[in-house]
Amino acid sequence: SVKQGVGGRGCRSSDDTALSTVAFERSEGWRVSTLRSGRESRHFGREAALQLFYQREIGGLSGSSVDEAERCYWLEHPAGENRKRFAGDLLKGTFGALDRIDALIEAATDNWRLSRMAVVDRIVLRVAVYELLAAEAPAAVVINEAVELAKTFGDEQSPRFINGVLDAVKRRLELAKREWPKDTE
């Protein structure tokens, strides 16, 4: 069951007050710490990347259609520049490394082809594996965020499946990192 907004509803205008309203509604009031609001921004950036990726995958978008879909998404879901940039970086990075990412996912799953996975699960895995490869956030944070996205957008088995696959990918990447210096001697 995909939460409303993942696939988009067309492009419509948005008034300028929406940004402050959304920011306040998603916090627990005015006393949100900078650290928490930074974490929330990254969480909602991941959520935006998932939704935009879903639009591309399901809609078969490419070229100027992708740009238009992103423009419409941000009109419907106003956000600060940091969140937009983070979501954009996740999208570009994931698409740029898709062959490597897909190979890691398939190696970590027994008897599961990517084409057989639920679309949302596949997208959550792809974005999270990109983050594991980029190593800009601790692996535990990346995996936890992916599980949270799976709880929000996937079915009831998604969180467990996502956690298991990402843990296997993480172990594979850690092993490769430990062995890499030995291979270069």
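Quick note: structure is the one above.
Remember, predicted model here, so these are calculated numbers, not experimental data.

1. Structural notes on the overall build of the chain
Alright, step 1. When helices and strands are counted, the chain shows eight helices and zero strands.
Alright, step 2. When the helices and strands of the chain are listed from N to C terminus, the series reads α-α-α-α-α-α-α-α.
Alright, step 3. Here the chain holds 185 residues, and 42% of them are scored as buried.
Alright, step 4. Restricting the contact set of the chain to residue pairs at least 6 apart, pairs at least 24 apart contribute 72%.
Alright, step 5. Accessible surface computed for the chain: about 11,000 Å², of which carbon and sulfur atoms make up 49%.

2. What about the side chain of serine 158?
Alright, step 1. In this structure, serine 158 sits in helix α8 (residues 158-183).
Alright, step 2. Within the structure, the side chain of serine 158 is placed 2.7 Å from the side chain of aspartate 121, a separation counted as a polar contact.
Alright, step 3. Within the structure, serine 158 has its side chain in polar contact with the backbone nitrogen of aspartate 155 (distance 3.0 Å).
Alright, step 4. Not counting the four nearest positions on each side in its chain, serine 158 is found in contact with Asp121 and Ala150.

3. Comments concerning the packing of helix α6 (residues 119-134) against helix α7 (residues 139-153)
Alright, step 1. Close contact between α6 and α7 brings their axes to 10 Å; oriented N to C, the two are set at 165 degrees. Of the possible angle classes, the one that applies to α6 and α7 is roughly antiparallel. In this structure, α6 meets α7 at a crossing whose hand is right-handed. Contacts between α6 and α7 pair Val120, Val124, Ala128, Glu131 and Leu132 from the former with Ala139, Val142, Ala146, Leu149 and Phe153 from the latter.

4. Re the pattern of salt bridges
Alright, step 1. Here the structure, examined in full by the defined rule, presents ten salt bridges.
Alright, step 2. Close ionic contact of glutamate 131 with arginine 46 constitutes a salt bridge, the shortest N to O distance being 2.7 Å. A residue pair is termed long-range when its members are at least 10 positions apart, and glutamate 131 in helix α6 and arginine 46 in helix α2 (residues 34-59) qualify at 85 residues. With respect to burial, glutamate 131 and arginine 46 carry one shared label: buried.
Alright, step 3. Between lysine 84 and glutamate 81 there is a salt bridge, with its nearest N and O atoms 3.7 Å apart. Separated by three residues within a single helix, lysine 84 and glutamate 81 lie in helix α4 (residues 81-96), roughly one turn from each other.
Alright, step 4. Lysine 84 sits in the partly exposed class, given a relative accessible area of 27%.
Alright, step 5. Connected via shared salt-bridge partners are Glu57, Asp102, Arg122 and Arg126.

What counts and what doesn't
- Residues numbered from 1 in each chain as written.
- Predicted model: local features only at pLDDT ≥ 70, side-chain atom pairs only at ≥ 80, totals over all residues.
- Heavy atoms only, no water.
- Helix = DSSP H or I, 4+ residues; strand = E, 2+ residues; numbered from the N terminus.
- Buried < 20%, exposed > 50% of the residue type's maximum accessible area, 1.4 Å probe, protein only.
- Contact = heavy atoms within 4.5 Å.
- Areas by Shrake-Rupley, 256 points an atom, 1.4 Å probe, with all protein chains shown as cover.
- Polar contact = N/O pair within 3.5 Å; in protein donor to acceptor, adjacent residues only side chain to side chain.
- Axes fitted to C-alpha atoms, helices over the stretch in contact; angles between N-to-C directions.
- Parallel < 35°, antiparallel > 145°, perpendicular 65-115°, else oblique.
- Left-handed = near helix turned anticlockwise from the far one by under 90°.
- Salt bridge = Lys/Arg side-chain N within 4 Å of Asp/Glu carboxyl O.

In short, the description is geometric, and any link to function would need to be established separately.
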